[in-house]
Amino acid sequence: MKFEILAKPDFPILKLNLNSGESIRAESGAMVAMSPQVKMETKAQGGIFASAKRALFSGESFFQNTFTVENGNGELFLTSATQGDLEHRTLKNEELILSRGAYVAGGTELVIDSKWGGFKGFFAGEGLFFLKVSGTGDLFFSSFGAIHQVDVDGMYIVDTGHIVAFEPSLDYHIDKVGGLKSLFLSGEGLVAKFSGKGKLYLQTRNQNSFASWANTWRRVQRSTSGGD
């Protein structure tokens, strides 16, 4: 599959040049533009139950679109729903764990399923489930902000709001940065302490922190404009 990720890392767009018969599966709403040789089929991948589980627990769309080129070569542009980076990873009979909403598109041979993250994810404010992508094929995932890859060999500490993806060879547990004072006053909250050896993908921005800032800004705007 020939592809380019253009305009990284601020407002990236994925350009795919597909040969006749080639297909890619993408999240609902990811399509930007395509040539007339590309045909789209919408389907609840894996059946109703599997699609409902992914949508409810892992933040993915219930229906996904499969784009297939017919009668010659075709061009397809995809992008993510969030204002952030796009990353490519070729899976070769392996797995990658994604945070909620990070999946954008991938080869049709990849298996996408929700993964129980345990109550440690709940207490971190990141939800109880991740998304597990397994098999062989091209995978494209997104972030909020730019993506930074870390090769972990031992232990690595990450703010929970900055995790995008990680290899299953890495284990983690949720902890606080310092004491109770730091937990409530430092603005850092809880962290994930990863251990083992594997790749970890981080995002440079935190959606929860941004939402908090946006809410504060709106309240200030209302108060200065005389609104409620």
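Given the structure is predicted, the values throughout are model-derived calculations rather than measurements.

Chemist: Before we move on, could you go through the nonpolar core and cite the residues and values that matter?
Modeler: Formed by 16 residues in total, the largest nonpolar core has its most connected members in Leu 14, Leu 16, Ile 24, Phe 67, Leu 78, Ala 105 and Phe 140. At the level of secondary structure, the elements contributing two or more residues to this core comprise β2 (13-18), β3 (23-27), β6 (64-69), β7 (74-78) and β9 (103-106). No other element matches β2, which puts 3 residues into this core. Not counting residues up to four positions away in its chain, the partners in contact with Phe 67 are Glu 22, Ser 23, Ile 24, Ala 26, Met 31, Met 34, Val 38, Lys 39, Met 40, Leu 76 and Leu 78. In terms of nonpolar packing, the next biggest core, distinct from the first, is built from 15 residues, Leu 131, Leu 139, Ile 147 and Val 164 among them.

Chemist: An account of the layout of surface pockets is needed here, citing residue identities and associated values.
Modeler: A volume near 150 Å³ is recorded for the second largest pocket. Around the second largest pocket, the lining is made up of 10 residues, and of these Asp 10, Gln 83, Gly 84, Gly 145 and Arg 205 lie nearest the centre.

Chemist: Any details on a nonpolar patch on the surface? Residues and values, ideally.
Modeler: Residues Met 31, Met 34 and Met 40 make up a contiguous nonpolar surface patch of roughly 250 Å² in combined accessible area. Looking at the secondary structure, you find Met 40 in strand β5 (residues 38-43).

Chemist: Explain unusual backbone geometry to me, and be specific about the residues and the numbers.
Modeler: Residue Lys 8 is joined to Pro 9 through a cis peptide bond whose omega torsion reads -5°. Examined against the element boundaries, Pro 9 turns out to sit in the loop between β1 (2-6) and β2. We note that Ala 7 has phi near 65°; this positive angle belongs to a residue other than glycine. Along the chain, Ala 7 falls in the loop between β1 and β2. For Ala 7, a relative accessible area of 51% translates into the label exposed.

Chemist: Give me the pattern of salt bridges: which residues, what numbers.
Modeler: Applying the stated criterion to the full structure yields 7 salt bridges. Linking Arg 89 and Glu 94 is a salt bridge whose minimum nitrogen-to-oxygen distance equals 3.7 Å. Classification of Glu 94 by relative accessible area gives partly exposed; the value is 28%.

Chemist: Lay out the environment of Ser 195 in plain terms, naming residues and giving numbers.
Modeler: Mapped onto the elements of the fold, Ser 195 is located in strand β15 (residues 190-203). What makes Ser 195 partly exposed here is its relative accessible area of 30%. Between the C-alpha atoms of Ser 195 and Asp 171, which are 24 residues apart in sequence, the distance is 5.4 Å. Non-local contacts of Ser 195, meaning those with residues more than four positions away in its chain, are made with Gly 154, Met 155, Ser 169, Leu 170 and Asp 171.

Chemist: Give me the packing of aromatic side chains: which residues, what numbers.
Modeler: Both the distance between ring centres and the angle between the ring planes are used here to describe each pair of aromatic rings. This model, assessed by the stated rule, comprises 7 aromatic pairs. Ring geometry for Phe 130 versus Tyr 172: centroids 6.1 Å apart, planes at 85°, classification edge-to-face. Here Phe 130 is found in strand β11 (residues 129-142), whereas its partner Tyr 172 is found in strand β14 (residues 170-176), with 42 residues between them in sequence. Exposure class is identical for Phe 130 and Tyr 172. Each is buried.

Chemist: Which residues make up the pairing of β2, and what values do they have?
Modeler: Here β2 shows a buried face lined by Leu 14, Leu 16 and Leu 18 and an unburied face lined by Ile 13, Lys 15 and Asn 17. In terms of strand pairing, β1 meets β2 through 5 bridges, oriented antiparallel. Bridging across to β2, Phe 3 finds its partner in Leu 16. Hairpin geometry of β1 and β2 is characterised by an intervening segment of 6 residues between the two adjacent antiparallel strands and by a positive phi of about 65° at Ala 7. Bridge count between β2 and β7: 5 bridges; the pairing is antiparallel. In the strand pairing of β7, Leu 14 is matched with Leu 78.

Parameters at a glance
- Numbers given to residues run from 1 along each chain, matching the order in which its sequence is written.
- With the structure being a predicted model, the display of local features is reserved for residues of pLDDT at least 70 and the display and counting of side-chain atom pairs for 80 or more, all residues being used for whole-chain, interface and lining totals.
- Side-chain figures throughout are based on the complete set of non-hydrogen atoms in the structure, without hydrogens or water.
- Residue types Ala, Val, Leu, Ile, Met, Phe, Trp, Tyr and Cys, when buried and joined through side-chain atoms within 4.5 Å, form a set referred to as a nonpolar core.
- Here's how the labels work: a residue is buried when its accessible area is under 20% of the maximum for its type, exposed when over 50%, partly exposed in between, all with a 1.4 Å probe on protein chains only.
- Numbered from the N terminus, helices here are DSSP runs of H or I no shorter than four residues, and strands are runs of E no shorter than two.
- Residue contacts follow a heavy-atom distance rule, with two residues in contact if any of their heavy atoms lie within 4.5 Å.
- In this analysis a 1.4 Å probe is tested at points of a 1 Å grid over the protein atoms alone, and where it fits but cannot get out there is a cavity; an open set with protein on both sides within 12 Å along at least five of seven lines is a pocket; lining residues have an atom within 4 Å of a point.
- Grid points are joined across faces, edges and corners, and a volume is the space filled by probe spheres set on the points.
- In this scheme, patches are assembled from residues that exceed 30% relative accessible area and form no salt bridge. Like charges are connected within 9 Å, while nonpolar side chains (Val, Leu, Ile, Met, Phe, Trp, Tyr) are connected within 5 Å.
- Where accessible areas are quoted, they stem from the Shrake-Rupley method and a 1.4 Å probe; at the residue level, only the protein chains shown are allowed to cover.
- Should a side-chain nitrogen of Lys or Arg be within 4 Å of a carboxyl oxygen of Asp or Glu, the pair is scored as a salt bridge.
- Geometry of aromatic contacts follows a simple scheme: Phe, Tyr and Trp rings, the Trp one being its six-membered ring, pair when their centres are within 6.5 Å, and the pair is stacked under 30 degrees between planes, edge-to-face over 60, tilted otherwise.
- Following DSSP output, two strands are said to pair if at least two bridges run between them.

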